[in-house]
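Okay, here's what each chain looks like letter by letter:
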Amino acid sequence: MLYGQSGGGLGDRTDYSAGFAPVAIIVGDLDGDGRLDLAVANHDGNTVSVLYGQPEGGFGGRTDYDVGVWPMDITAADFDDDGRLDLAVINNESNWGDISVLYGQPEGGFGGRTDYGTIYCPSQIVAADFNGDGRPDVVVSNAETGKEVCVFFGQPGGALGGRADYSLSYEGTGIATADFNADGRLDLTVRRPCGGLARRGENVYTDPMLLDVAGALEALPDLSVSGQSRADARQTAR
Ligand SMILES: [Ca+2]
Ligand SMILES: [Ca+2]
Ligand SMILES: [Ca+2]
Ligand SMILES: [Ca+2]
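Residues numbered from 1 in each chain as written. Chains lettered and ligands numbered in written order. Predicted model: local features only at pLDDT ≥ 70, side-chain atom pairs only at ≥ 80, totals over all residues.

### Observations regarding the environment of Tyr 116
Piece 1. Relative to the helices and strands, Tyr 116 is located in strand S10 (residues 110–117).
Piece 2. In this structure, the C-alpha to C-alpha distance between Tyr 116 and Asn 95, residues 21 residues apart in sequence, is 9.7 Å.
Piece 3. Beyond its immediate chain neighbours, meaning those up to four positions away, Tyr 116 contacts Asp 98, Ile 99, Phe 152 and Leu 160. (Helix = DSSP H or I, 4+ residues; strand = E, 2+ residues; numbered from the N terminus. Contact = placed C-beta atoms within 7 Å.)

### Structural notes on the sheet that holds strand S5 (residues 47–51)
Piece 1. A sheet is described by the order of its strands in space; here four strands give the open sequence S3-S4-S5-S6, paired in antiparallel fashion. Each end of this open sheet is capped by a strand with a single partner; those strands are strand S3 (22–28) and strand S6 (63–66). Sheet twist, expressed as the mean angle between neighbouring strand axes with direction ignored, is 20°.
Piece 2. Direction of pairing for S3 relative to strand S4 (residues 37–42): antiparallel, over a ladder of six bridges. (Pairing = 2+ DSSP bridges. Axes fitted to C-alpha atoms, helices over the stretch in contact; angles between N-to-C directions.)

### Thoughts on the sheet that holds strand S9 (residues 98–104)
Piece 1. Strand order in this open sheet of four strands is S7-S8-S9-S10, and the pairing throughout is antiparallel. If you trace the sheet from one side to the other, it starts and ends with strand S7 (71–77) and S10, each paired once. Along the sheet, successive strands turn relative to each other by an average axial angle of 20°, direction set aside.
Piece 2. Here S7 runs beside strand S8 (residues 86–91); their pairing, made up of six bridges, is antiparallel. Looking across to S8, one finds that Ala 76 is bridged to Leu 87.

Written out as structure tokens, the structure reads:
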């Protein structure tokens, strides 16, 4: 951690312990005390480390929670609408890819872990309310063979359901959300790897980076829905 200094710039580094092979980190007030906390996904440790912000500054000792095998990315949202942030972690090697959700507990900490099967080899997870029902949803991209994204819609009570898989025409790994067409509904972008750079081998990309916009999961031209029709998927989304 490098803290901002009053005169500008960043101070000397302070190190905090995480688990084995940390790969992803998020910042949020996980215990609701007004101070920012950290949650770290530890790839080889199969854990998440939570470090709480301290009154005097800095972070306290970590608390580790078990997740699936080879966690890759982490996000936070209040999935069960109890006012406490919950954690969602994608695991690369659990059942060929799953999501572990850990719910914030009234007494502090996280529990009630629930795992959901997702697409093969997931690499990134983002939480956002795609269908505008006030409950956070999640979208997952995958690596290596990543020509698809998977969306789960938040259910009453905090579960993830209504899964819909969307295939892409390219290996898309990086995902981000914003209302790109200003219609009041969140859209989804999937980054095409290598962008304008050519890559040698089987997959050679020479086009500029594509920015595909899905108008509330409806309008992405080269997005197709597997396992259900677009109309069904839109209905699911609502
Ligand atoms: Ca806090
Ligand atoms: Ca919660
Ligand atoms: Ca939602
Ligand atoms: Ca939109």
